[in-house]
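# Descriptive structure summary
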Amino acid sequence: QVQLVESGGGLVQAGGSLRLSCAASGSSFGINAMGWYRQAPGKQRELVATITRGGNTNYAGSVKGRFTISRDNAKNTVYLQMNSLKPDDTAVYSCARYRGSADYTGVAAFGQGTQVTVSS
């Protein structure tokens, strides 16, 4: 069974940076695409970024140029580097593991999430 454990969230001032990590269990980590989603209070969960098995990345327009997703297959870990944070980035951030090597295969599992709060 896949387990995803996020860390790195916290409180930061606008303009600051945070790096989120997601540690995944399972020997097939390097095969699957991974992603980060976020959900703000009263809003639906939205996709933030994805990274395929081959390292191709995709970003939501609202974070493009500020956030960077990366993965270390040797450590079974995916990261989200968040720079120039804005109050609108405040949300619970969850990592996701896709069923296959690309994001069109659909999400197989979400982690519990980590809170990111950006103060103005």
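Everything below is about the structure shown above.
Before going into details, it helps to say that this report is about the structure given with it. (Residues numbered from 1 in each chain as written. Predicted model: local features only at pLDDT ≥ 70, side-chain atom pairs only at ≥ 80, totals over all residues. Heavy atoms only, no water.)

### A short note on the nonpolar core
Under the convention used in this document: In this description, a nonpolar core means a group of buried Ala, Val, Leu, Ile, Met, Phe, Trp, Tyr and Cys residues linked to one another through side-chain atoms lying within 4.5 Å. Think of it in three bands: residues with accessible area under 20% of the maximum for their type are buried, residues over 50% are exposed, and the middle band is partly exposed, with areas taken using a 1.4 Å probe on protein chains only. Here a strand is any run of E in DSSP of at least two residues, a helix any run of H or I of at least four, and the numbering for each starts at the N terminus. In what follows, a contact means two residues having at least one pair of non-hydrogen atoms within 4.5 Å.
By size, the foremost hydrophobic cluster in this structure holds 28 residues, and its most contacted members are Trp36, Leu80, Met82 and Tyr93. Listing elements by their share of this core, those giving two or more residues are strand 3 (18–24), strand 4 (34–39), strand 5 (46–51), strand 7 (67–72), strand 8 (77–82), strand 9 (91–98) and strand 11 (114–119). In terms of residue count, the dominant contributor to this core is strand 3 (four residues). If we ignore the near neighbours within four places in the chain, the residues touching Met82 are Gly16, Ser17, Leu18, Leu20, Arg66, Phe67, Tyr93 and Val116. In this structure, Ala33, Tyr37, Ala96 and Val107 belong to the second largest nonpolar core, which totals five residues.

### Regarding the pattern of salt bridges
Applied cut-off: Any Lys or Arg side-chain nitrogen located within 4 Å of an Asp or Glu carboxyl oxygen qualifies as a salt bridge.
Scanning the entire structure with this criterion turns up three salt bridges. The salt bridge partner of Asp89 is Arg38, with a shortest N-O separation of 2.9 Å. Residue Asp89 is located in the loop between strand 8 and strand 9, and its partner Arg38 is located in strand 4; the two are separated by 51 residues in the primary sequence. Taken as a pair, Asp89 and Arg38 share a single burial class, namely buried. In this structure, the salt-bridge partner of Arg66 is Asp89, at a minimum N-O distance of 2.8 Å. Placement of Arg66 in the loop between strand 6 (57–59) and strand 7 and of Asp89 in the loop between strand 8 and strand 9 is noted, with a sequence separation of 23 residues between them.

### What to know about the state of the cysteines
The condition is simple: Two cysteine sulfurs form a disulfide in these notes if their separation is within 2.5 Å.
Overall, the coordinates contain one disulfide when judged by the stated rule. Between Cys22 and Cys95 runs a disulfide, and the two sulfur atoms are separated by 1.9 Å. Of the two residues, Cys22 is situated in strand 3 and Cys95 in strand 9; the sequence distance between them amounts to 73 residues. The same class applies to Cys22 as to Cys95, namely buried.

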